[in-house]
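# Observations on chain architecture
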Amino acid sequence: NAGVTQTPKFQVLKTGQSMTLQCAQDMNHEYMSWYRQDPGMGLRLIHYSVGAGITDQGEVPNGYNVSRSTTEDFPLRLLSAAPSQTSVYFCASSQGQGNQKLFFGSGTQLSVL
Amino acid sequence: GQQVMQIPQYQHVQEGEDFTTYCNSSTTLSNIQWYKQRPGGHPVFLIQLVKSGEVKKQKRLTFQFGEAKKNSSLHITATQTTDVGTYFCAASNSGYALNFGKGTSLLVTP
């Protein structure tokens, strides 16, 4: 099993550009989530999903969109990138609800110029 | 905001010294999890505590959940350079979304 796979690993965008961060898991986990990590701020929840077709907002959802059309995939979309979205993004999944053990991807380092 | 507060933010120890990080909540938690993130890596699950007063050990690591289920601690005995990283506690107040503390960054000097 590959676990949780995130692509790309690194990305540089210009302000106003759009892009999608990809996340896929092969563990048949119902729960998937996106976090951003900034120095001194820990991990902050952006969006999460408890199953295909179901998504909800976390602590810092503004500027990000998600969808969950399949159990395996949970892409994160930045519609118009801003410098404040420069961060490291982690996708994570778990079996059952979100209060179970999380498996993290290796992260995407995003810089918005 | 963050559901759980973690202290200290940073800790620098000499190899062989002990280390403790604390996690506190203003509300009663159903359970609490601990993760470790090595520099440049991703968070990795260490343990989950569920019961009031629960104590679990993993080699040199001891995890405790408070009697009131509002606080938790991670204690490392005789630190090694391999313990370097950031330790996070995480808890859920809804059963769906896991919220992380800001973490304690541990530096171990040989």
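Here's a quick rundown of the structure.

Cut-offs and rules
Residues numbered from 1 in each chain as written. Chains lettered and ligands numbered in written order. Predicted model: local features only at pLDDT ≥ 70, side-chain atom pairs only at ≥ 80, totals over all residues. Heavy atoms only, no water. Helix = DSSP H or I, 4+ residues; strand = E, 2+ residues; numbered from the N terminus. Rg over C-alpha atoms; globule rule 2.2 N^0.38 Å. Disulfide = S-S within 2.5 Å. Buried < 20%, exposed > 50% of the residue type's maximum accessible area, 1.4 Å probe, protein only. Contact = heavy atoms within 4.5 Å. Buried area = accessible area lost by both parts, 1.4 Å probe. Salt bridge = Lys/Arg side-chain N within 4 Å of Asp/Glu carboxyl O. Polar contact = N/O pair within 3.5 Å; in protein donor to acceptor, adjacent residues only side chain to side chain. Nonpolar A, V, L, I, M, F, W, Y, C, P; charged D, E, K, R; others polar. Pairing = 2+ DSSP bridges. Axes fitted to C-alpha atoms, helices over the stretch in contact; angles between N-to-C directions. Core = buried A, V, L, I, M, F, W, Y, C linked by side-chain atoms within 4.5 Å. Phe/Tyr/Trp six-rings, centres within 6.5 Å; stacked < 30°, edge-to-face > 60°.

Attention shifts here to the overall build of chain B. Each helix and strand in chain B was counted, giving zero helices and 11 strands. Counting helices and strands in the order they occur from the N terminus, chain B gives β-β-β-β-β-β-β-β-β-β-β. In terms of C-alpha radius of gyration, chain B reaches 13 Å, essentially the compact-globule figure of 13 Å for 110 residues. Taken along the three principal axes of its C-alpha coordinates, chain B extends 40 × 25 × 20 Å.

With that out of the way, let us pick up the state of the cysteines. For the coordinates displayed, the defined rule picks out two disulfides over all chains. Put simply, A:C23 and A:C91 are joined by a disulfide, and their sulfur atoms are 1.8 Å apart. Because the sign of the S-S torsion sets the handedness, a value of about -70° for the bond joining A:C23 and A:C91 places this disulfide among the left-handed ones. Of this pair, A:C23 sits in strand 3 (residues 19-25) while A:C91 sits in strand 9 (residues 87-94), and the two are 68 residues apart along the sequence. Accessibility assignment for this pair places A:C23 and A:C91 in one class, buried. The disulfide partner of B:C23 is B:C89, and the gap between their sulfur atoms is 2.0 Å. Across the S-S bond of B:C23 and B:C89 the torsion is about 70°, and the bridge reads as right-handed.

Taken together, the contact pairs 22 residues of chain B with 22 residues of chain A. Buried area between chain B and chain A, both sides added, is near 1800 Å², and the carbon and sulfur share of it is 55%. Seen at the junction of chain B and chain A, the total is zero salt bridges. At the surface where chain B touches chain A, the tally comes to four residue pairs in polar contact (both at pLDDT 80 or more). A total of three residues in the side of chain B that touches chain A trace back to one element, the largest contributor, which is strand 4 (residues 32-37) of chain B. Grouping the amino acids of the side of chain B that touches chain A by side-chain chemistry returns eight nonpolar, 13 polar and one charged.

In this section: the sheet that holds strand 8 (residues 71-76) of chain B. Residues and elements named next belong to chain B. Read across the open sheet, the five strands follow the order 1-3-8-7-6; overall the sheet is antiparallel. Two strands in the sheet have a free side with no partner beyond their single neighbour: strand 1 (4-7) and strand 6 (55-58). Neighbour to neighbour, the strand axes of the sheet diverge by 15° on average, direction disregarded. Across four bridges, the pairing between strand 1 and strand 3 (residues 19-25) is antiparallel. Bridge assignment links V4 to a residue of strand 3, and that residue is S25.

The next subject is the nonpolar core. B:I32, B:W34 and B:F63 are the most contacted members of the largest nonpolar core, which totals 20 residues. Going through the elements one at a time, strand 3, strand 4, strand 5 (44-49), strand 7 (61-65), strand 8, strand 9 (85-91) and strand 11 (104-109) of chain B are the ones with two or more residues in this core. Counting residues in each nonpolar core, the second largest holds 19 residues, with A:L13, A:V66, A:Y89 and A:V112 among its members.

We now examine the packing of aromatic side chains. Throughout the structure, instances matching the rule amount to 11 aromatic pairs over all chains. Ring geometry for B:Y35 versus B:F45: centroids 5.6 Å apart, planes at 75°, classification edge-to-face. Here B:F45 lies in strand 5 and B:Y35 lies in strand 4, a separation of 10 residues in the sequence. Overall, B:Y35 belongs to the buried group, its relative accessible area being 0%. Of the aromatic side chains, those joined through ring pairs into one cluster are A:Y35, A:F90, A:F104, B:Y35, B:F45, B:F88 and B:F100.

Turning our attention to unusual backbone geometry. In this structure, A:P8 follows A:T7 across a cis peptide bond, with omega equal to -10°. Here A:P8 is to be found in the loop between strand 1 (4-7) and strand 2 (10-13). Here the bond from B:I7 into B:P8 is cis, since omega is -5°, no more than 30 degrees from zero. Residues other than glycine seldom take positive phi values, yet A:N28 does so here, at roughly 60°.

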